[in-house]
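Geometric and topological summary
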Amino acid sequence: MREMGEQQLRARAQASGAFFIPDLCAPRPLLFLVLLAELMVLMYTLAVSSLPRFEWTVLATGSVLVQWLVLASAVTLCLLRGWFSRHSLWLAAVGSIVLVVAVTGLSGELILHFYPGLMVDADDRWWVLRNMLVAALVTGITLRYFYLQQQLTLRERSELQARIDSLQARIRPHFLFNTLNSIASLIASHPERAETAVEDLAELFRASLRQAGPGDTVAEEVHRCELYLGIERLRLGDRLQVEWEVAEAVASLPMPSLILQPLVENAVYHGVSLLPAGGVIRISVQREGSDVQVVIDNPRPDPPAPSRGERMALSNIEQRLQALYGDAASLRQRAGSGAFQVALRYPAGPAV
């Protein structure tokens, strides 16, 4: 079972274009290697030095040599990363180790030839072999770290996606229950309207039941809301009024699936539908700096009627936002006399 799980993670990584060796031309991985190399040189210098008389010469010479090897190996692995990613894990790992060992051996030979006085034992051919063995061991440990880090990242993404799917699945039965109640109320009095509502519901479910992903946009979520509001308007008639204020610049920005629709449903179900005269729901979707901000205002009875699931939807959406964006997203609500407002904010860029 464990092997099958690892194979599935590896297949998922290959499918997503991921590779366990990071892009060593990027600043963060390169900085990690440079700092790690310097830490190892410092540890070696402390091991061969006495504390009263620190060997600064050993530290300086070792730093120059090791940092050269790290940078040369990183650039070489960066250039060959695409080729390695198209082959098996073992071939990529062994090839990377051989590559670093070759760079180390070649660098050692060049130092012995051009700078024979740089190292105390520069005339000793065992010095080159020793450096190559050390490079092989350190590279193997580093590659193992990169591999484990990738597996952890894949598992975290898998768990996050499962959590999001679970939270999203809770919305659908709640929405279906409310919508079927609306259609049922039309069957006896307005059968033609009920038929239209069923067609709209089918189109809405085709959109909402598909696999949600980063391709979902504000325009798509607004369309789902319009389908839902069309169904509710068949039941409530002129009692349900909606004012949209959606900036053109946000239409193509990403928006998680079934984030806006449950908020609109709450405004209808816990607000307008409970008022004999109905009311106006105002929906604003704007770009605020690097964030997308959604504000929904709706009237409601005063005093408000006992909650019939309103908190469940709000809590669900808040958890999904937290899972997708962390502290960068927020969901705030404000209740007034006969009015209710919910404000949603999340980064306009991709989810983390």
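Quick notes on the rules
- Residues numbered from 1 in each chain as written.
- Predicted model: local features only at pLDDT ≥ 70, side-chain atom pairs only at ≥ 80, totals over all residues.
- Heavy atoms only, no water.
- Pairing = 2+ DSSP bridges.
- Helix = DSSP H or I, 4+ residues; strand = E, 2+ residues; numbered from the N terminus.
- Buried < 20%, exposed > 50% of the residue type's maximum accessible area, 1.4 Å probe, protein only.
- Contact = heavy atoms within 4.5 Å.
- pLDDT = per-residue confidence, 0-100.
- Core = buried A, V, L, I, M, F, W, Y, C linked by side-chain atoms within 4.5 Å.
- Phe/Tyr/Trp six-rings, centres within 6.5 Å; stacked < 30°, edge-to-face > 60°.
- Salt bridge = Lys/Arg side-chain N within 4 Å of Asp/Glu carboxyl O.
- Axes fitted to C-alpha atoms, helices over the stretch in contact; angles between N-to-C directions.
- Parallel < 35°, antiparallel > 145°, perpendicular 65-115°, else oblique.
- Left-handed = near helix turned anticlockwise from the far one by under 90°.
- Nonpolar A, V, L, I, M, F, W, Y, C, P; charged D, E, K, R; others polar.

1. Considering the pairing of strand β4 (residues 330-336)
- Where β4 and strand β5 (residues 339-347) come together, seven bridges link them in antiparallel fashion. By the bridge assignment, Leu331 is partnered in β5 with Leu344.
- Between β4 and β5, which pair antiparallel in sequence order, lie two residues; one of them, Gly338, sits at a positive phi of approximately 75°.

2. Digging into the side chain of Asn131
- Relative to the elements of secondary structure, Asn131 occurs in helix α5 (residues 126-187).
- Take Asn131: its relative accessible area is 17%, and that puts it in the buried class.
- Setting aside chain neighbours within four positions, we find Asn131 in contact with Leu65 and Thr104.

3. Quick look at the confidence of the model for the protein chain
- Predicted confidence across the protein chain gives a mean pLDDT of 79, with 80% of residues reaching 70 or more.
- Low pLDDT, under 50, characterises residues 1-17; the stretch is placed with 11 contacts to residues that sit more than four places away or in other chains.

4. Notes on the nonpolar core
- Counting 38 residues, the largest nonpolar core has Leu260, Ile296, Leu321, Leu344 and Tyr346 as its most contacted members.
- Only α7 (218-236), β1 (240-246), α8 (260-269), β2 (279-288), β3 (291-299), α9 (310-325) and β5 provide two or more residues apiece to this core.
- Element by element, the count of residues in this core is highest for α7, at seven residues.
- Contacts of Leu260, omitting those with residues within four sequence positions, involve Glu221, Val222, Cys225, Trp244, Met255, Ile283, Val294 and Ile296.
- In this structure, Phe19, Ile21, Ala92 and Tyr147 belong to the second largest nonpolar core, which totals 18 residues.

5. Quick look at the packing of aromatic side chains
- All chains considered together, the criterion is met by seven aromatic pairs.
- Summarising the aromatic geometry, the rings of Phe20 and Tyr147 are spaced 6.2 Å apart at their centres and angled 80° between planes, so their arrangement reads as edge-to-face. Here the residue Phe20 occupies a position in the loop between α1 (2-15) and α2 (27-48), and Tyr147 occupies one in helix α5, the gap between them amounting to 127 residues. Grouping residues by exposure puts Phe20 and Tyr147 together as buried.

6. What to know about the pattern of salt bridges
- Applying the stated criterion to the full structure yields four salt bridges.
- A salt bridge links Arg345 to Asp291; the shortest N-O distance between them is 3.4 Å. Placement of Arg345 in strand β5 and of Asp291 in strand β3 is noted, with a sequence separation of 54 residues between them.
- On the basis of relative accessible area, Asp291 is assigned to the buried category, the value being 15%.

7. Observations regarding the packing of α2 against helix α3 (residues 56-85)
- The interhelical angle for the contact between α2 and α3, taken along N-to-C directions, is 150°, at an axis separation of 9 Å. With respect to α3, the axis of α2 lies roughly antiparallel. The crossing of α2 and α3 is right-handed. Mapping the contact onto sequence places Leu30, Leu33, Val34, Ala37, Glu38, Val41, Leu42, Tyr44, Thr45 and Val48 in α2 and Val58, Leu59, Gly62, Ser63, Val66, Gln67, Val70, Leu71 and Ala74 in α3.
- Looking at the contact of α2 with α3 residue by residue, the classes come out as 14 nonpolar, four polar and one charged.

8. Observations concerning the pairing of β3
- Counting buried positions along β3 yields seven of nine residues, so the element is predominantly enclosed.
- When β2 meets β3, the two strands line up antiparallel, connected through seven bridges. Directly across from Glu288, in β3, lies its bridge partner Asp291.
- Turn length for the β2-β3 hairpin, with the two strands adjacent in sequence and antiparallel, is two residues, and the turn residue Gly289 shows positive phi of about 65°.
- As judged from the nine bridges shared by β3 and β5, these two strands associate in the antiparallel manner. Counterpart to Gln293 in the pairing with β5 is Arg345.

9. Some remarks on the sheet that holds β5
- Judged by pairing direction, the sheet is mixed, and its five strands sit side by side in the order β1-β2-β3-β5-β4 without closing on themselves. Each end of this open sheet is capped by a strand with a single partner; those strands are β1 and β4. Averaged over all pairs of adjacent strands, the angle between strand axes in this sheet comes to 10°, irrespective of strand direction.
- Across the face of the sheet, α7 comes into contact with β1, β2 and β5 while running at roughly 170° to β1.
- On top of the sheet, α8 reaches β1, β2, β3 and β5; it is set at about 15° to β3, its chief contact.

10. Describing the packing of α3 against helix α4 (residues 89-114)
- Taken N-terminus to C-terminus, the directions of α3 and α4 make an angle of 145°; their axes are 10 Å apart at the nearest point. Here α3 and α4 pass one another in a crossing that is right-handed. Where α3 approaches α4, its residues Leu65, Trp68, Leu69, Ala72, Ser73, Thr76, Leu77, Leu80 and Phe84 are matched on the opposing element by Ala92, Gly95, Ser96, Leu99, Val100, Val103, Thr104, Ser107 and Ile111.
- Residues of the contact of α3 with α4, tallied by class, amount to 12 nonpolar, six polar and no charged.

11. Comments concerning the environment of Ala219
- Topologically, Ala219 is positioned in helix α7.
- For Ala219, a relative accessible area of 38% translates into the label partly exposed.
- Sequence spacing of Ala219 and Met255 is 36 residues, and the spatial spacing of their C-alpha atoms is 8.7 Å.

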